[in-house]
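# Coordinate analysis (summary)
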Amino acid sequence: GENVEQHPSTLSVQEGDSAVIKCTYSDSASNYFPWYKQELGKRPQLIIDIRSNVGEKKDQRIAVTLNKTAKHFSLHITETQPEDSAVYFCAASYNNQGGKLIFGQGTELSVKP
Amino acid sequence: DAGITQSPRHKVTETGTPVTLRCHQTENHRYMYWYRQDPGHGLRLIHYSYGVKDTDKGEVSDGYSVSRSKTEDFLLTLESATSSQTSVYFCAISEIYGKTANNEQFFGPGTRLTVL
């Protein structure tokens, strides 16, 4: 079945540095790749997503890149701030039905002031 | 936040008892999902629904059943709760455009379930 691997599981950076989180997926038919941010005790919320017909997408300090050939995608956060501290999940659609998503295991990002 | 509520928000129960969790939405979205979240596993899909009375299994459906008799409500039932079902349960909703145009899933606030 579909599998999504996410690395690293924890990431600590200094405020102002960049952070990169990487995910790989197994289903070559996957065509939708969202990233969710979950603050402690809160619900996951979408921060950015990318579809398979696009290689890169940016929204202010965050960007996502997709390499369909290698079946991996990455989240890039520049100029990190303490409020970026959270758990980040990548996900990939599978079977192209019902909007089903397979999530990665999560990355706990800590931004130190 | 999208109009999604979950009830109860917290529940402690004993092994072997039945438990029903409710997800209610006011967005009229066609798709609804139940996930469980456990440390080291991310979010895993239990069951999902693509319309009233239309449901299907996810990755970890054993021990769970669902029902959707109205667009706005999606119920998750643990027929006989076990300690391995201790988890945080999230409901999510989505609208799909066309056959494959996935779109954002909006999550509810979660239910923390403890099975003793």
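Look up a bit, the structure's there.
Residues numbered from 1 in each chain as written. Chains lettered and ligands numbered in written order. Predicted model: local features only at pLDDT ≥ 70, side-chain atom pairs only at ≥ 80, totals over all residues. Heavy atoms only, no water.

## With respect to the overall build of chain B
Along chain B, the regular secondary structure elements total zero helices and 11 strands. Counted from the first residue to the last, chain B has its helices and strands arranged as β-β-β-β-β-β-β-β-β-β-β. Relative to a compact globule of 116 residues, whose C-alpha radius of gyration would be 13 Å, chain B shows 14 Å and is just as compact. Taking the principal axes of the C-alpha coordinates as reference, chain B spans close to 45 × 30 × 25 Å. By residue count, 48% of the 116 residues in chain B fall in the buried class. A separation of at least 24 residues holds for 56% of the contacts in chain B among residues at least 6 apart in sequence. Charged side chains of chain B number 12 positive and 13 negative; the gap between the two group centres comes to 2 Å. (Helix = DSSP H or I, 4+ residues; strand = E, 2+ residues; numbered from the N terminus. Rg over C-alpha atoms; globule rule 2.2 N^0.38 Å. Buried < 20%, exposed > 50% of the residue type's maximum accessible area, 1.4 Å probe, protein only. Contact = heavy atoms within 4.5 Å. Lys, Arg positive; Asp, Glu negative; His and termini not counted. Charge placed at Lys NZ, Arg CZ, Asp CG, Glu CD.)

## Some points on the pairing of strand β11 (residues 111-115) of chain B
Residue and element names in this part refer to chain B. Burial along β11 is one-sided: the face carrying T111, L113 and V115 is buried and the face carrying R112 and T114 is not. Relative to β11, strand β2 (residues 10-13) runs parallel, the two being bridged by four bridges. Within β11, the position partnered with H10 by the bridge is R112. Relative to β11, strand β9 (residues 87-94) runs antiparallel, the two sharing three bridges. By the bridge assignment, Y89 is partnered in β11 with T111. (Pairing = 2+ DSSP bridges.)

## Focus on the pattern of salt bridges
Applying the stated criterion across every chain yields a total of eight salt bridges over all chains. In this structure, the salt-bridge partner of R61 of chain A is D84 of chain A, at a minimum N-O distance of 2.9 Å. Taken together, the residues R61 of chain A in the loop between β6 (56-59) and β7 (62-67) and D84 of chain A in the loop between β8 (72-77) and β9 (86-93) connect sequence positions 23 residues apart. In this structure, R44 of chain B and D38 of chain B form a salt bridge, with 2.9 Å as the shortest nitrogen-oxygen distance. With a relative accessible area of 12%, D38 of chain B lands in the buried category. (Salt bridge = Lys/Arg side-chain N within 4 Å of Asp/Glu carboxyl O.)

## Overview of the environment of G110 of chain B
Residue and element names in this part refer to chain B. Structurally, the position occupied by G110 is in the loop between β10 (106-107) and β11. Distance in space between the C-alpha atoms of G110 and L21 is 10 Å, their sequence separation being 89 residues. If sequence neighbours within four positions are ignored, G110 has contacts with Q6, R9, Y89 and F90.

## Some details on the layout of surface pockets
Taken as a whole, the largest pocket spans an internal volume of roughly 760 Å³. Around the largest pocket, the lining comprises 32 residues; the ones closest to its centre are Q38, L40, G41 and V87 of chain A together with Q37 of chain B. Of all elements in the fold, only β9 and β11 (107-112) of chain A together with β4 (31-38), β9 and β11 of chain B reach the threshold of two or more residues within the lining of the largest pocket. A breakdown of the residues in the lining of the largest pocket according to their chemical character gives 10 nonpolar, 16 polar and six charged. (1 Å grid on protein atoms, 1.4 Å probe; cavity = no way out; pocket = protein on both sides within 12 Å on 5 of 7 lines; lining within 4 Å. Points joined across faces, edges and corners; volume = space filled by probe spheres on them. Nonpolar A, V, L, I, M, F, W, Y, C, P; charged D, E, K, R; others polar.)

Everything listed here is a matter of coordinates, which is why it stays silent on function.
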